[in-house]
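Now for the letters of each chain:
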Amino acid sequence: MNPVEKLHALGQSLWYDNIQRRLLENGELQAMIARGEVRGLTSNPSIFHNAIAKSHDYDSALIPLAWAGWSAEKIFWELVIEDIRQACHLLHPIYEESNGEDGYVSIEVSPFLAHDTHATLAQAQELWARLARPNLMVKIPATRAGLPAIRSAIAAGLNINVTLIFSLPRYLEVMEAYLRGLEDRLAAGRPIHHIASVASFFVSRLDTKVDARLPEGSPLRGRAAIANAKLAYQEFLHFFQGERWERLRSQGARLQRPLWASTSTKNPAYPDTLYVDGLIGPHTVNTVPPSTLQAFREHGKADLTLTRGVEQARETLAALEQRGISMAEVAQELEEEGVKAFADSMRALLQTLEERRQEAASSLGPLAADSVPARMARLEVERVPARLWEHDPGLWSEAPLAQAEIRARLGWLDSPSQARQRLASYHDFAEEVRNQGLERILVIGMGGSSLTAEVLSRLFASSRALPDGAPRLAILDSTHPRQVLQAARDFPPGRSLYILASKSGATAEVMVAFDYFWELNRADGARFVAITDPGSPLEQMAHRRGFRRVFLADETVGGRYSALTDFGLLPAALLGVDLGRLLERAEWMRRQCARDVPAARNPGLALGVVMAEAALQGRDKLTILADAPLAPLAPWIEQLVAESSGKDGKGIVPVALEPLDAPQVYGGDRLFVYLRQNGELDSGLAALRAAGHPVIEFSIADSYEVGGEFYRWEIATAVACHILGVNAFDQPDVQESKQRTQARIAAYRAGSGWSQEEAGIGIEQAERLFAFLGQARAGDYVALNAYLPRTAEIEAHLQRLRVAIRERTRCAVTAGFGPRFQHSTGQLHKGGANSGLFVQILDQSEEDLPIPHQGLTFGMLLRAQALGDYETLLARQRRAMRVLLRTPAELELLVEAIQSWASYTS
């Protein structure tokens, strides 16, 4: 046996004198429990000060609480209770297994109450009721005022850890208070068998205090603490015997075990396991800090030592008294210093929390005053978090048909747990593909059905978090012939696997791309995989044509909420992403947003409140900025927010990855969100905050954190739509452009040609575009809808174009590639507020290719889609203009023209 196992076998329990959120969330405490190293846990204000003030582990909880207007002290107790509750959960199996002997977690009443009996008892009862865990212990100090509170708390049925005991006389009073509390409870006719208590005798501090009063080289140095503890143990053995105790024990009373606290060695000249090795005995507890636990684990000596040398211990204390060192005075000083030290730690922690609270609240700028806290309070009163988990469609609509659709679209709330059940199938298929040597994967899909695959591929590739030999993965969500041809070159037959991703199984862009790659692969179904809803046309076709595999997705999850379903997770598995780890972060965020979490503490709900309140106050341009490694996440957020909220003349306009500029460039319609990893935008964001813009920040340490972000933003978007009064789960305004596209194709096939396509300008008519953009007013936005191939070069040109237009108009500028954006921001463009100016940009492709069996080319289809989109915008009385590029090179000329115009007019 190792030293810890031997110690436990001798009847002593090791409890861990430390708590940190990181330990609770990363599995470290769970592992220590599983290894049998610790059988309980203690905390105090100093421990929490170290955990909270010296890390940012608590920011995800602290920030929404600050937005809700909570005070620093109220935030403190919320954070502490969350940690204690989780620790109780982790240690509950020990509590059950030991029949209530171990498995306890201690929380301390405020040190500010150490000399107030009534207030101490009241807070102890409040904490006990709030946590409601059988393996909780409330710590009450053994001050004069604390003793009657201890007795009353025991009589009330609380488990009590009596702390800050330094002297033998005070220890006798503590044991007396415990027995009297039990007797009081029995006299009231109430049971006592479940009540547990420990008496925390502080050790090393006694040596520190006494040694300072002894000369160097004195043989008494370093002996007082262990001597005091050994005599305390003798008092324990004597006290818990006799008729009085036996009467209580017959009713189920438990021993109040001595607990050795403050067991780290303060003097480096002493062995680092001194206060563990020398204090081992039955029915005791030693609560050890991390360094002491590690030292004892490595070289501790487990032997019965508490009952040895008792006479020498008496002689040691007598010798100290003879030298004029009063142990009573020492104990009183230590008690006063202990209370003061904990109070000082509490003050310092509250000061830190107040600073962070103010910083978080100030990040909302003009929103922080009252609207966000008031809305959070209102959502709590209206039971919105609970109603969300009850799948109440009334949160978004009162119409019966809409409610039926909503009920069928809330499966995403349980996606993380549902995905756990499918991990084996993902892993098995990924292994099959690897074994076959397929090194490239092309996901053919549109919108939510394919966007997550791209996000994960780019995120993990940029962070170099993929395993060696991971396949190359990309998505095809364009009908531009140049992009289709490039995909065919990059993902050739024989080396590639093609995934068709479509919930409906009838997405036009997906099916025409399939026709092309089916012909390219000579109708080899083994090269194809389908992800679709059960019973869809795609499922039927896949079986008919002998696809390698068909994955049937959760039909209760809509496309834009499907990140944590087959649509996102199967491609991730093929890349070699650790899905268990990704889902852990999603499950963590799900717990943070659970129905029993206060609305003010719910990070998803809090973000939704901020987004909605900002939009209601005219700050409807949700500007998403990101450090380069996190940039792939922004388009996913853009699609989720735009398609969910943009309808009924309302909505939030996501402005994804618009280049950051000086504060004066931006109007009063912005809410900035910074996805932060390496801090490359810190200075620019600081300038925005200083100028009074609301800027909220999410730190995302690594690519796996995106699992939690998917879930956070899904909750936030659903909540924001509730506040705005729109249905988060439909897309009523996208069908018209599809119908107009089909009409254009039919007209072409009937020989009508493309006559109306000339309703646009060429680069030589840039003045007309300048006049069009000159209509922009405060609160408007400009949308660049580019029916161009999505290449790095063209993306760079569009970014420059965004900056130039913003410089002139002072309006937000979005950019999207067609027809991809029609499955993303297209709903917002047609159904949201009429505040957009839409610039459609098309080119004349140098290459075109036929769509098999359609009597149509990809270039023709793209033109039809662009025209259908443009005509729908006009039909909805949106401001729109088309720019027709004769050659791809003219895009750069357009950028230069806009830059010159902006420079001239600014």
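Above: the structure in question.
The structure displayed is predicted, hence computed values, not measured ones.

Asks: Please give an account of the sheet that holds strand β14 (residues 653–656) that cites residues and values.
Replies: If you walk across this open sheet you meet the four strands as β14-β13-β15-β16, and the pairing is parallel. At either margin of the open sheet sits one strand with a lone partner, and together these are β14 and β16 (695–699). Taken over all neighbouring pairs, the strand axes of this sheet differ in orientation by 20 degrees on average, direction set aside. The sheet contact formed by strand β13 (residues 621–626) and β14 spans four bridges and is parallel. Paired with Ile624 across the two strands is Ala656, which belongs to β14. Helix α29 (residues 633–645) rests against β13, β14 and β15 (670–676) of the sheet, and its axis sits at about 170 degrees to β14.

Asks: So what's going on with the pairing of strand β9 (residues 472–476)? Which residues, and what values?
Replies: Relative to β9, strand β8 (residues 440–445) runs parallel, the two being bridged by five bridges. In the sheet register, Leu442 faces β9, and the bridge partner there is Ala474. Traced from β8 through helix α22 (residues 448–462) to β9, the parallel crossover comes out right-handed.

Asks: Talk me through the packing of helix α5 (residues 59–67) against helix α28 (residues 603–616); I want residue IDs and the actual numbers.
Replies: Orientation of α5 relative to α28, taken along the N-to-C sense of each, is 40 degrees, at an axis distance of 9 Å. Regarding the angle of α5 to α28, the classification is oblique. Every pair of crossing elements has a handedness; the one defined by α5 and α28 is left-handed. Every residue of α28 that contacts α5 at Ser60, Pro64 and Trp67 is listed here: Pro603, Ala606, Leu607 and Val610. Each residue belonging to the contact of α5 with α28 can be placed in one class, and the counts come to six nonpolar, one polar and no charged.

Asks: Go over the packing of aromatic side chains, please, and point to the residues and values.
Replies: The tally for this structure, following the rule as stated, stands at 34 aromatic pairs. Arranged with centres 5.5 Å apart and planes meeting at 50 degrees, the rings of Trp518 and Phe528 form a pair that is tilted. Note that Trp518 is positioned in helix α24 (residues 508–520) and Phe528 in strand β11 (residues 528–532), a separation of 10 residues in sequence. Here Trp518 matches Phe528 in class, with each residue buried. Linked through ring pairs, Tyr498, Phe514, Tyr516, Phe517, Trp518, Phe528, Phe547 and Phe858 together constitute an aromatic cluster. Lys74 extends its terminal NZ or CZ atom over the ring of Trp70, reaching a point 4.2 Å from the ring centre. Directly above the aromatic system of Trp588 lies the positively charged group of Arg585, at a separation of 4.7 Å from the ring centroid.

Cut-offs and rules
Residues numbered from 1 in each chain as written. Predicted model: local features only at pLDDT ≥ 70, side-chain atom pairs only at ≥ 80, totals over all residues. Heavy atoms only, no water. Pairing = 2+ DSSP bridges. Helix = DSSP H or I, 4+ residues; strand = E, 2+ residues; numbered from the N terminus. Axes fitted to C-alpha atoms, helices over the stretch in contact; angles between N-to-C directions. Contact = heavy atoms within 4.5 Å. Right-handed = clockwise from strand over helix to strand, strands pointing away. Parallel < 35°, antiparallel > 145°, perpendicular 65-115°, else oblique. Left-handed = near helix turned anticlockwise from the far one by under 90°. Nonpolar A, V, L, I, M, F, W, Y, C, P; charged D, E, K, R; others polar. Phe/Tyr/Trp six-rings, centres within 6.5 Å; stacked < 30°, edge-to-face > 60°. Buried < 20%, exposed > 50% of the residue type's maximum accessible area, 1.4 Å probe, protein only. Lys NZ or Arg CZ within 6 Å of the ring centre and 35° of its normal.

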